[in-house]
Amino acid sequence: MRIIKFIFLAALSLLILLLGMPNVEQGRLEFRNQYAFHLAPQIKTGELPPDTVDPWDHAFEIEHTPSDEMVVTSRGANGTSPADGFDADDISTSMSNPPHKKTMTRKQRQFFATLALSLCPWLIAWIFRVRSKRMGPQIG
């Protein structure tokens, strides 16, 4: 009976891992965002010419702030941005947390949550086992 319980717990944990683990490979949008974020500082420092295009074949926008700082921006796949900032596919040298880093953070959270969930069947089985040992044999 113990071997059946062990196989059941192992299979359940493996199923949770298989269904919950994030894809370790970058998707197309994630790669393009990361590549654009890699190109923007190179344009800003002059390593690449200002007419370099982003991964969506749009020209990078170059702006000069009042403090004479250059900001290089890619408007992403849709080529537009809201008036009050950036949308989910925009890349700029002024960003502190670009979209591809947000995706990496989300994947890390998903990874650790899946690991924790895959350990839950073992924890529940252990709790039931400890409880049954504490209660002792039932005399009825």
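Note that the structure is predicted; figures quoted are calculated from it, not measured.

Undergrad: What should I look at first to understand the overall build of the chain in this one?
TA: Each helix and strand counted, the chain has three helices and three strands in total. Helices and strands in the chain line up, N terminus first, as α-α-β-β-β-α. Taking 14 Å as the expected radius of gyration for a compact globule of 140 residues, we find that the chain reaches 25 Å, considerably beyond that expectation. Based on the C-alpha atoms only, the size of the chain along its principal axes is roughly 85 × 25 × 25 Å. Expressed as a percentage of its 140 residues, the buried residues of the chain come to 26%. The contacts in the chain between residues at least 6 apart in sequence include a share of 41% that link residues at least 24 apart.

Undergrad: Before we go on, may I ask you to explain the side chain of Glu30 in this structure?
TA: The topology assignment puts Glu30 in helix α2 (residues 28-45). Once residues lying within four places of it in the same chain are set aside, the contact partners of Glu30 are His100, Thr103, Met104 and Lys107.

Undergrad: Just to check I follow, could you spell out helix α1 (residues 2-20) for this structure?
TA: Since there are 3.6 residues in each turn of an α-helix, residues three or four apart along the chain are aligned in direction. Between its first and last C-alpha, α1 extends 27 Å over 19 residues, near the 27 Å set by a 1.5 Å rise per residue. Among all positions in α1, only Leu9, Ser13 and Gly20 are buried. One side of α1 carries all its buried residues, which in axial view fall inside an arc of 50°. Of the exposed residues in α1, those oriented more than 90 degrees away from the buried face are Ile3, Ile4, Ile7, Phe8, Leu18 and Leu19.

Undergrad: Sorry if this is basic, but what is going on with helix α3 (residues 99-135) here?
TA: Taking 1.5 Å per residue, 37 residues should reach 54 Å; α3 reaches 53 Å between its end C-alpha atoms and fits that length. Within α3, the full set of buried residues consists of Pro99, His100, Thr103, Lys107, Thr114, Ser118 and Pro121. Considering only its buried residues, α3 is in contact with α1, α2 and β3 (91-92).

Undergrad: Can you help me understand unusual backbone geometry in this one?
TA: A negative phi angle is the norm for most residues apart from glycine, just as the trans form is the norm for most peptide bonds. Within the chain, Asp57 stands out as a residue other than glycine whose phi angle is a positive 65°. Inspection of the secondary structure assignment puts Asp57 in the loop between α2 and β1 (61-64). Although it is not a glycine, Asp68 adopts a positive phi angle of roughly 60°. Assignment of secondary structure puts Asp68 in the loop between β1 and β2 (70-74).

Undergrad: Whenever I open this one, a nonpolar patch on the surface confuses me. Can you help?
TA: On the surface, Met1, Ile3, Ile4, Phe6, Ile7, Leu119 and Trp122 cluster together into a nonpolar patch covering about 790 Å² of accessible area. Among the elements of the structure, α1 and α3 are those that each provide at least two residues to the nonpolar patch. If one sorts the elements of the nonpolar patch by residue count, α1 sits on top with four residues. One can find Phe6 in helix α1.

Undergrad: Which parts of the structure should I look at to understand the nonpolar core?
TA: Inside soluble globular proteins, nonpolar side chains tend to come together where they are buried. Of all hydrophobic cores here, the largest spans nine residues; its members are Ala36, Phe37, Leu39, Ala40, Ile43, Trp56, Phe60, Val72 and Ile91. Broken down by element, the residue count for this core peaks at five residues, all from α2. What Ala36 contacts, discounting residues up to four positions off in sequence, is Pro55, Trp56, Phe60 and Ile91.

Procedures and definitions
Residues numbered from 1 in each chain as written. Predicted model: local features only at pLDDT ≥ 70, side-chain atom pairs only at ≥ 80, totals over all residues. Heavy atoms only, no water. Helix = DSSP H or I, 4+ residues; strand = E, 2+ residues; numbered from the N terminus. Rg over C-alpha atoms; globule rule 2.2 N^0.38 Å. Buried < 20%, exposed > 50% of the residue type's maximum accessible area, 1.4 Å probe, protein only. Contact = heavy atoms within 4.5 Å. Expected span 1.5 Å × (residues − 1). Arc of directions from axis to C-beta. Patch = residues over 30% accessible without salt bridge, like charges linked within 9 Å, V, L, I, M, F, W, Y side chains within 5 Å. Areas by Shrake-Rupley, 256 points an atom, 1.4 Å probe, with all protein chains shown as cover. Salt bridge = Lys/Arg side-chain N within 4 Å of Asp/Glu carboxyl O. Core = buried A, V, L, I, M, F, W, Y, C linked by side-chain atoms within 4.5 Å.

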